[in-house]
Amino acid sequence: MKYYDKLIFELSRPGRCGYSLPASILGGKECACSNVGSKEAPVSGGVWRETPLTLPEVSEPDVVRHYTNLSQMNFGVDTGFYPLGSCTMKYNPKINEEIVSAFNGLHPLQPENTVKGALEVLDFVDGALAEITGMKHFTFLPCAGAHGELTGLMIMREYHMRRGDTARTKVIVPDSAHGTNPASAAVCGLDIVVVKSRPDGLVDVEDLKPLLGPDVAGIMMTNPNTLGLFERDIKEIAELVHECGGLLYYDGANMNPLLGVVRPGDMGFDIMHLNLHKTFSTPHGGGGPGSGPVGVAERLVPLLDVPRTSGFHGNFGIILRACAYILMLGRENVKMAGPLATLSANYIKESLKDCFKLPIQTVCKHEFVFDGLAEPNGVTTLDVAKRLLDYGFHAPTIYFPLLFHQALMIEPTETESLETLDAFIEVMRVIAREAAENPELLHTAPHNTPIGRPDETGAARQPVLKYTK
Ligand SMILES: Cc1ncc(COP(=O)(O)O)c(C=O)c1O
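Residues numbered from 1 in each chain as written. Predicted model: local features only at pLDDT ≥ 70, side-chain atom pairs only at ≥ 80, totals over all residues.

1. Some thoughts on the sheet that holds strand β11 (residues 397-398)
Through backbone hydrogen bonds, the strands of a sheet pair up, either in parallel or in antiparallel fashion. Across the sheet, three strands lie side by side as β10-β12-β11; this open sheet has antiparallel pairing. For this open sheet the edge positions go to β10 (368-371) and β11, each flanked by a neighbour on one side alone. Bridge count for β11 against strand β12 (residues 407-410) is two bridges, and the pairing is antiparallel. Residue T397 lies in a different strand from β12, and its bridge partner there is M409. (Pairing = 2+ DSSP bridges. Helix = DSSP H or I, 4+ residues; strand = E, 2+ residues; numbered from the N terminus.)

In structure tokens, the structure reads:
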């Protein structure tokens with residue numbers, strides 16, 4: 001925040017106006033914007049306001065500066081490196097935005113013969129995703145990963161119901177699972193049974209076996225899992241679950257490192273979702289629009305057809321971005337994304353493992369987890385994350401997964417240059433040194449950002465969304 005922004009917080013001044021609308025469109029009276037629609041400057045049709053809008057009265061430069069300054073107080077993938085584990089904050093090619101803007105005028109209720117291009121996009125992306133994942137078909141209705149999970153679990157439940165197998169009410173979820181997995185199962189009315197991970201971070205097959213039985217609807221897994229580790233026993237797990245009559249649900253939020261390398265369908269999964277807003281080049285992490293298409297194996301295709309979880313075709317703009325991304329890369333280059341993301345993650349992991357605790361030493365996929373500093377000296381993972389902001393890097397995901405107390409989950413993605421990765425490694429080493437020499441500097445970080453350590457829970461639960469009381 002600039003110095004004068006602190007001095008002049010309230011910009012509104014009575015009577016100041018950024019814009020006045022011409023008399024010709026406002027019932028004969030020229031008028032300032034906050035009066036539009038009031039009796040003073042009525043809109044046609046008798047729908048004018050009884051009282052004027054209480055908008056701030058500001059000049060156009062004030063408005064422009066206000067929003068531009070706000071945008072600069074935020075951190076985005078376009079302003080810097082964003083290694084937020086589990087979120088795949090890759091660079092999103094700007095040409096996608098241009099392509100999407102060409103479809104801006106579409107309305108979901110337009111007659112079919114006027115939207116043939118859009119239908120072709122849906123058909124193409126369905127085919128491309130089916131080829132990439134080994135599923136038969138996708139529905140594009142779900143608008144997020146968690147929404148996809150719920151849709152997929154509803155398909156799983158319906159599959160058992162239609163066969164009269166009504167006793168299957170349990171869903172098995174690994175203890176390393178993303179929080180949305182058990183949450184979606186609960187929303188779907190299923191009971192959650194947790195399967196443990198082994199010390200090497202993978203699902204413990206011996207712990208799984210006694211959990212399987214005629215009451216199991218299926219298992220939800222992500223592969224690579226939330227520790228960034230490939231579940232090597234997946235074939236055996238698939239056989240065991242199928243043998244007991246259950247289905248396998250694949251949480252495809254972690255699909256990025258597997259693009260063109262391994263297919264969930266070939267691993268034995270029956271139902272899955274993809275987070276297009278991660279793997280297929282739409283930014284993730286800021287709560288913006290997403291898309292979580294759900295794909296199914298051939299025998300489940302009849303269960304895809306009903307738009308039960310949302311109307312129309314979901315977030316079409318995100319599907320269009322995925323279409324542009326896949327076409328731009330082409331079959332050959334799609335296969336490069338995963339290995340490059342894996343290489344970047346392993347490069348950072350190996351370069352920092354002398355300064356940070358690495359609980360699982362094996363080769364990771366797209367992300368990995370440190371368990372705090374090797375020699376913390378009282379410095380926590382939160383302190384490290386806050387200090388990174390001072391150096392212009394977004395923090396990794398912290399305190400997730402829950403398997404480690406000081407988890408720092410780092411996912412660099414494939415779109416970062418070697419120089420950026422090296423700069424991040426250098427800063428992490430500087431922070432480790434600072435922790436040894438001056439821990440107070442880290443306890444009180446960040447020092448260079450507009451705000452420091454807000455009450456994050458309070459901000460989420462009781463957000464203040466108005467500038468006035
Ligand atoms: C492994 C995993 N599963 C599911 C989700 C849920 O996706 P969404 O945030 O789009 O609902 C995420 C989100 O980060 C994730 O990382």
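2. Overview of helix α4 (residues 116-133)
At 3.6 residues per turn, the α-helix brings residues three or four places apart onto the same side. Taking 1.5 Å as the rise per residue, α4 with 18 residues should run 26 Å; its terminal C-alpha atoms sit 26 Å apart, in good agreement. Within α4, burial applies to V121, V125, L129, I132 and T133. When α4 is viewed along its axis, its buried side chains cluster within an angular range of 80 degrees and face the same direction. The exposed residues of α4 that point more than 90 degrees off its buried face are K116, L119, E120, D123 and G127. Of the surrounding secondary structure, the elements contacted by the buried residues of α4 are β3 (137-139), α9 (264-267), β8 (271-274), β9 (294-296) and α11 (316-352). Positive phi appears at G134, one or two residues downstream of α4, with a value of about 80 degrees. (Expected span 1.5 Å × (residues − 1). Buried ≥ 20, exposed ≤ 12 C-beta atoms within 10 Å, placed from the backbone. Arc of directions from axis to C-beta. Contact = placed C-beta atoms within 7 Å.)

3. A closer look at the domain arrangement of the protein
What the domain assignment reports for the protein is domain 1 (3-73), domain 2 (94-329) and domain 3 (339-459). Computed from C-alpha coordinates alone, the two centres of domain 2 and domain 3 are separated by 29 Å. Grouping the constituent residues of the side of domain 2 that touches domain 3 by class yields six nonpolar, seven polar and one charged. (Domains from an automatic or database assignment. Nonpolar A, V, L, I, M, F, W, Y, C, P; charged D, E, K, R; others polar.)

4. Considerations on unusual backbone geometry
For the bond running from F400 to P401, omega is -5 degrees, close enough to zero to count as cis. Within the secondary structure layout, P401 lies in the loop between β11 and β12. Cis geometry is adopted by the peptide bond preceding P446, which originates at A445 and carries an omega value of 5 degrees. Along the polypeptide, P446 turns up in the loop between α14 (439-443) and α15 (456-461). The backbone of N377 sits at a positive phi, close to 55 degrees, despite the residue not being glycine. With respect to the element layout, N377 can be found in the loop between β10 and α12 (381-390). Among the residues examined, N377 registers 13 C-beta atoms within 10 Å and is labelled partly exposed. With a phi angle near 55 degrees, Y399 is a residue other than glycine that sits in the positive phi range. Within the secondary structure, Y399 is located in the loop between β11 and β12. We classify Y399 as partly exposed; it has 15 C-beta atoms within 10 Å.

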